[in-house]
Amino acid sequence: GGGGRRVLFVIGETGIGKTALVDAFCREAGASGLVSVARGQCVQGVGTKEKYYPVMEALGQLCDSPDGDAACRTLARFAPAWLSRLDRHTEAIAATAEPLSSYGRMPGDLCRALEELASAKLLILAFEDLQWADNATIDFLSALARRRAPAKLMVVATYVPRKAAPEQLSECPVEWLKQDLLVHHCCVEIVVRPLHERAIGELLARELHQQKLPAGLVEFVQSHSEGNPLFALAVLDHLIAQGCLVRRGNCASAEWEEGLPLREIGSVVPHGLFEMIELEISRLKSEEQSALEAGSLVPVAFPAWAVAAALEKDLAETEEICDSLARRLHFVARGGEDELPDGTRSAFYAFTNGLYREVVYRRQAASSRARRHTRIAEQLGRFFAGREADVAREMALHYEAAGN
């Protein structure tokens, strides 16, 4: 955009490090005293009840900052209705010609006030989890990004991406906002990727306060966290709680060593992480949850026909559900299509993070899992009738998982 303003989107899956990155940036920028920083947190569900929730939070921080008096005066002059909602009743507000009840919270007024605040001193507005933002907040950010008035203003916004086709962008306001601003060259984006093995090693070394780590620890944590730093630290805490990592000696300098062999640990999904993933899955429709559960019964990649067989559902209907999940969820991806022996084409999918697959697998009742494993094995037998030897191993694994 013109006038020096910048909009930056920081994008990545839950726990990938978006907040840590923004925290470090804001901390360093604000340390000089030459930059004003205000942050707003979007909360799931709140946006449907209270418009501009993260914007109001950021404004409250501005008014409570060391430059708060100047911020209040500027808001009172250009956007009194916004200041009134913060319960900052200054003399400037009292002097307005009209009663505040006649004012609406006009986005243009607030844009003008923020530009005034950013005329001499850089202003950074950081909004987190913009995927939960209300439409009014999205529209406000769009207007703020595309205005032409000079301003030393930077907006930093984090969000968890939702995979969507171009025709579905209207259902994802933040994706629509980003694409619109990208087209008009009004923003840039940073995609935070999973950590590679060396970075995971550095993270573990920092957490354990030692450079030499137990053999196999980095590889184990990397494989089970898929490079997600939040998951990696949760797995590390879980290994300590399970006695797989122990400290020899009582002194503060004692190093961590292998206690129980890592291969002997049962579940690698820490309780807190299990609950977080379970909550994410529970927000889906019941038929979508069932499809994920059935898909988790097949290791590596799961075909739509296996999900349909496990649930005793129509294949075409099941594939539509799986396609919808792959478009929307960050932990499910469509892999391609396979041709079955009878000539039928069936798409297959994969969990991009093994922890999600394990949570989905474990949330099913044992009896339900057994029935579904059996149905998949029986369907394999029907597909390969007369050629059962070709899929004997896969059938045996399902029957074994079913306790047969």
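Residues numbered from 1 in each chain as written. Predicted model: local features only at pLDDT ≥ 70, side-chain atom pairs only at ≥ 80, totals over all residues. Heavy atoms only, no water.

Chemist: So what about the overall build of the chain? Which residues, and what values?
Modeler: What the chain contains, in helices and strands, is 18 helices and 10 strands. In the chain, which comprises 404 residues, the share counted as buried stands at 48%. For the chain, the proportion of contacts with a sequence separation of at least 24, taken over those separated by at least 6, is 67%. For the chain, the exposed area adds up to about 20100 Å²; of that, 51% sits on carbon and sulfur atoms. If you average the places of the 45 positive and of the 55 negative side-chain charges in the chain, the two averages end up 4 Å apart. (Helix = DSSP H or I, 4+ residues; strand = E, 2+ residues; numbered from the N terminus. Buried < 20%, exposed > 50% of the residue type's maximum accessible area, 1.4 Å probe, protein only. Contact = heavy atoms within 4.5 Å. Areas by Shrake-Rupley, 256 points an atom, 1.4 Å probe, with all protein chains shown as cover. Lys, Arg positive; Asp, Glu negative; His and termini not counted. Charge placed at Lys NZ, Arg CZ, Asp CG, Glu CD.)

Chemist: Can you explain unusual backbone geometry? Please cite residues and give values.
Modeler: With glycine set apart, most residues show a phi of negative sign, and most peptide bonds adopt trans. One non-glycine residue, tyrosine 52, lies in positive phi territory at about 60°. Tracing the sequence through the fold places tyrosine 52 in the loop between strand E2 (35-41) and helix H2 (53-64).

Chemist: Give a detailed account of the confidence of the model for the chain, specifying residues and quantitative values.
Modeler: Looking at the chain, pLDDT values average 89 and 92% of them are 70 or higher. Overall, residues 95-103 carries pLDDT values under 50, and its contacts beyond four positions in sequence, including any with other chains, amount to nine contacts. (pLDDT = per-residue confidence, 0-100.)

Chemist: Describe the pattern of salt bridges, listing the residues and the values that go with them.
Modeler: Two side chains bearing opposite charge may form a pair once their charged atoms approach each other closely. On inspection of all chains with the given rule, the structure shows 21 salt bridges. With its nearest N and O atoms 2.6 Å apart, the salt bridge here joins glutamate 128 to arginine 39. Taken together, the residues span a long stretch of sequence, with glutamate 128 in strand E3 (residues 122-128) and arginine 39 in strand E2 at a distance of 89 residues. Per residue, the accessibility class of glutamate 128 equals that of arginine 39, and both read buried. (Salt bridge = Lys/Arg side-chain N within 4 Å of Asp/Glu carboxyl O.)

Chemist: Describe the pairing of strand E10 (residues 345-351), listing the residues and the values that go with them.
Modeler: For strand E8 (residues 301-303) and E10, the ladder comprises three bridges, and the chain directions are antiparallel. Of the residues in E10, the one forming a bridge with alanine 301 is alanine 350. Across seven bridges, strand E9 (residues 332-339) lies against E10 in antiparallel orientation. Counterpart to glycine 336 in the pairing with E10 is phenylalanine 348. (Pairing = 2+ DSSP bridges.)

Chemist: Please provide a residue-by-residue account of the pairing of strand E4 (residues 153-159), values included.
Modeler: Remark: a regular strand shows side chains that alternate across the two faces of the sheet. Of all seven residues in E4, seven are buried; the element is thus mostly enclosed. Of the two faces of E4, the one carrying Leu153, Val155, Ala157 and Tyr159 and the one carrying Met154, Val156 and Thr158 are both buried. Across six bridges, the pairing between strand E1 (residues 6-11) and E4 is parallel. Across the sheet, isoleucine 11 pairs through a bridge with tyrosine 159, a residue of E4. Across five bridges, the pairing between E3 and E4 is parallel. Looking across to E4, one finds that isoleucine 124 is bridged to methionine 154. Handedness of the crossover joining E3 and E4 through helix H7 (residues 135-146) is recorded here as right-handed. (Right-handed = clockwise from strand over helix to strand, strands pointing away.)

Chemist: Tell me about the nonpolar core, residues and numbers included.
Modeler: Membership of the largest hydrophobic core comes to 60 residues, with the highest contact counts inside it found for Leu204, Leu217, Val221, Leu239, Leu292, Phe331 and Phe351. Beyond its immediate chain neighbours, meaning those up to four positions away, leucine 204 contacts Leu213, Leu217, Val218, Val221 and Leu236. In this structure, Phe78, Leu83, Ala113 and Ala118 belong to the second largest nonpolar core, which totals 47 residues. (Core = buried A, V, L, I, M, F, W, Y, C linked by side-chain atoms within 4.5 Å.)

Chemist: Lay out the packing of H7 against helix H8 (residues 173-183) with the relevant residues and their values.
Modeler: Running from amino to carboxyl end, H7 crosses H8 at an angle of 10°, the nearest separation of the two axes being 10 Å. In terms of their interaxial angle, H7 and H8 are classed as roughly parallel. On the side of H7, the interface is formed by Asn135, Ile138, Leu141, Ser142, Ala145 and Arg146, while H8 contributes Pro173, Val174, Leu177, Asp180 and Leu181. The residue inventory of the contact of H7 with H8, partitioned by class, reads seven nonpolar, two polar and two charged. (Axes fitted to C-alpha atoms, helices over the stretch in contact; angles between N-to-C directions. Parallel < 35°, antiparallel > 145°, perpendicular 65-115°, else oblique. Nonpolar A, V, L, I, M, F, W, Y, C, P; charged D, E, K, R; others polar.)

Chemist: Please provide a residue-by-residue account of the sheet that holds E8, values included.
Modeler: Strand pairing in a sheet takes place through backbone hydrogen bonds and is either antiparallel or parallel in direction. Spatially, three strands are ordered E8-E10-E9 in an open sheet, and the strand pairing comes out antiparallel. The open sheet is flanked by E8 and E9, the only strands paired with a single partner. Across the sheet, the mean angle from the axis of one strand to that of its neighbour is 30°, orientation sign disregarded. Here helix H15 (residues 315-328) sits on the sheet in contact with E8, E9 and E10, set at roughly 35° to E10.

Chemist: Account for the packing of aromatic side chains, naming residues and giving values.
Modeler: Following the criterion strictly, the structure yields eight aromatic pairs and no others. Ring centres 4.2 Å apart and planes at 10° place the aromatic pair phenylalanine 331 and tyrosine 356 in the stacked group. Within this pair, whereas phenylalanine 331 is found in the loop between H15 and E9, its partner tyrosine 356 is found in helix H16 (residues 354-362), the two being separated by 25 residues in sequence. Feature note: the residues Tyr52, Trp82 and Phe140 constitute an aromatic cluster, connected by ring pairs. (Phe/Tyr/Trp six-rings, centres within 6.5 Å; stacked < 30°, edge-to-face > 60°.)

Chemist: Got a sec to walk through the environment of tryptophan 132? Specific residues and values, please.
Modeler: Mapped onto the fold, tryptophan 132 is located in the loop between E3 and H7. When the C-alpha positions of tryptophan 132 and leucine 203 are compared, they lie 29 Å apart, and in sequence the two are 71 residues distant.

Chemist: Account for the sheet that holds E4, naming residues and giving values.
Modeler: Overall, parallel pairing links the five strands, which are arranged E2-E3-E4-E1-E5 in an open sheet. Every other strand in the sheet has two partners, leaving E2 and strand E5 (188-191) as the edge strands with one partner each. Each adjacent strand pair in this sheet contributes to an overall mean axis angle of 15°, direction not counted. Note: E2 against E3, seven bridges, orientation parallel. Bridge pairing links valine 37 to isoleucine 124 in E3.

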